[in-house]
Amino acid sequence: MDRSLAGRLGIGGLIRQPARTSGRKGRPRTAKPSQRGFDRALAWVAALISGAVRVLGDGRSLIGRRRRLRIAAVVLIVATPLLAGGWFWLRGSSLVAVKSVRVSGAHGSDAHAIDAALKSAALRMTTLNVHNGGLRAAVAGYPEIRDVQAKASFPHGLSIRVIEQPPVAALSAAGTKIAVAVAADGVVLGSAQLSGSLPTLTAATALSPGQRIRNAALLGALGLLGAAPPPLAKQVERAYGSSKGLTLVMRGGLLAYFGDSQRAHAKWQSLAAVLADKSSAGASYVDVRLPERPAAGFPAGSGPPASTSGEAGASTAASGIGSTEAITRHLSEAAGNGEPTGVQPGPSGEVESKEESASEPEASSTSSEEAASAAPEGGK
């Protein structure tokens, strides 16, 4: 029992002198079990404190991130209506008002009125708020306009392109001489678009500008005329229905049997190939109902002239439609510079074939192999 002052005060273990070591050197001193337990407890407390500090640090970081997110959300909520309001204000303000308008594509007698209507509508817009519907509404009274396309040029410019639907025929009511121009899709364009080069069609009743044709036969004829290449379109005088189907009367009297409006482009190319062949001179009609095998018919007692150079004719046909002058010349030669034998005007002013069903001239194959091969493959 420790009777010293340190022992009585309970601090003897703190100032206890180190135990004497044995005389054996180099042998490690082993710690007592109580000392090992104390060390483990101390390490556990240190680890616990370290973990608590780390958790507190992560919590503080998470709280900081959440705080920043909250601040960003508040800023976004406040700024969104301000930005939206600023955008709507800007797109309708005078800072981007349309001041310069350029209109292109309008033709005919109504061109100036169309330009004025479009410019008046455009000057009420801004380059950040262009109403295509408003532009179309401004020219809704002009049926020859198919569409209007606008392109803004920031900050004050606007270009407007007018897309017209050209007339392909002149339509008159039966028993009247009043005619109106008609587009390929059946829209009546009015009398302002009439010209002497348009082929004529006859309808049962008169139609006003802006109306649309519903008759299937007339729509087929209009679609066929709309598909005509420009050089040939200018040479068509009349279109009507016959026992051969849809029939066109070319300038000079030559008849072209199309049958219907199906494969219109292939049939026009086939007709051009036959007309480009010199052996078609003097023909009274050309049948292109089967565009791969077109045929030219000649009046009784006549036939195709002898070809001096078959290769030259084939090369001419292969060259395509050619110029308007060449087509006109070939049509004149094919029709014999006059009305072909066996063809006379019908009772209603339409051209009909005399004794068409009974004694129509037999087709002579001016194009049996040559003209068929001359028709472009892409048109089949």
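Only a predicted model underlies this, so the values are computations on that prediction, with no experimental measurement involved.

Caption draft 1: Highlighting the environment of Gly297. Relative to the elements of secondary structure, Gly297 occurs in strand E12 (residues 295–297). The spacing of Gly297 and Ala283 is 14 residues in sequence and 5.5 Å in space, taken between C-alpha atoms.

Caption draft 2: Region of interest: the pattern of salt bridges. Taken as a whole and assessed by the stated rule, the structure comprises 6 salt bridges. For Arg251, the salt bridge is made with Glu237, and the minimal N-O distance between the two is 3.8 Å. With Arg251 in the loop between strand E9 (245–250) and strand E10 (255–259) and Glu237 in strand E8 (residues 236–242), the pair connects residues that are 14 residues apart, well separated along the chain. Here Arg251 falls in the partly exposed class, since its relative accessible area comes to 27%. Classification of Glu237 as partly exposed rests on a relative accessible area of 36%. Residue Glu292 is joined to Arg263 by a salt bridge in which the shortest nitrogen-to-oxygen separation is 2.4 Å. Taken together, the residues Glu292 in the loop between strand E11 (285–287) and E12 and Arg263 in the loop between E10 and helix H8 (264–276) connect sequence positions 29 residues apart.

Caption draft 3: Main features of the side chain of Ser172. With respect to the helices and strands, Ser172 occurs in strand E4 (residues 167–173). Judged by its relative accessible area of 17%, Ser172 is buried. Excluding residues that lie within four positions of it along the chain, Ser172 makes contacts with Ile178, Ala179, Leu201, Thr202 and Ala203.

Criteria and thresholds
- Residues numbered from 1 in each chain as written.
- Predicted model: local features only at pLDDT ≥ 70, side-chain atom pairs only at ≥ 80, totals over all residues.
- Heavy atoms only, no water.
- Helix = DSSP H or I, 4+ residues; strand = E, 2+ residues; numbered from the N terminus.
- Salt bridge = Lys/Arg side-chain N within 4 Å of Asp/Glu carboxyl O.
- Buried < 20%, exposed > 50% of the residue type's maximum accessible area, 1.4 Å probe, protein only.
- Contact = heavy atoms within 4.5 Å.

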